[in-house]
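The chain contents come next:
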Amino acid sequence: MRLICPHCGDKTRIRTTKTLSPIYREAYVQCTAPECGWSGKARVEIAETFNPSRQPNPDVRLFVSPEARIALLAQLQAQKN
């Protein structure tokens, strides 16, 4: 993942990260342009499931996209028959 400096538009580098949950992290970033000097914190969240995991973590609760929900329901119906 590439983050861009919100001020000068140059690339940033991730200095450190902090995992707060299986789906949420904070990254401390710094602009690579010496003449800019900006640094800050980015928040990264896993927000939605498009394709379910074959090894689901029971502690993770994610929104399932409508398309994925339809496909999953179709699979469950096919297994019943």
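Residues numbered from 1 in each chain as written. Predicted model: local features only at pLDDT ≥ 70, side-chain atom pairs only at ≥ 80, totals over all residues. Heavy atoms only, no water.

### Here's the deal with the pattern of salt bridges
Next up, step 1: In total, this model carries two salt bridges according to the counting rule given.
Next up, step 2: For Glu26, the salt bridge goes to Lys41, with nearest N and O atoms at 3.8 Å. One end of the pair, Glu26, is in strand 2 (residues 24-31); the other, Lys41, is in strand 3 (residues 39-45), with 15 residues separating them in the sequence.
Next up, step 3: What makes Lys41 partly exposed here is its relative accessible area of 42%.
Next up, step 4: Notably, a salt bridge pairs Glu26 with Arg43, separated by 3.9 Å at the nearest N-O pair. Of the two residues, Glu26 is situated in strand 2 and Arg43 in strand 3; the sequence distance between them amounts to 17 residues.
Next up, step 5: Overall, Glu26 belongs to the buried group, its relative accessible area being 9%.
Next up, step 6: One network of salt bridges, in which partners are shared, links Glu26, Lys41 and Arg43. (Salt bridge = Lys/Arg side-chain N within 4 Å of Asp/Glu carboxyl O. Helix = DSSP H or I, 4+ residues; strand = E, 2+ residues; numbered from the N terminus. Buried < 20%, exposed > 50% of the residue type's maximum accessible area, 1.4 Å probe, protein only.)

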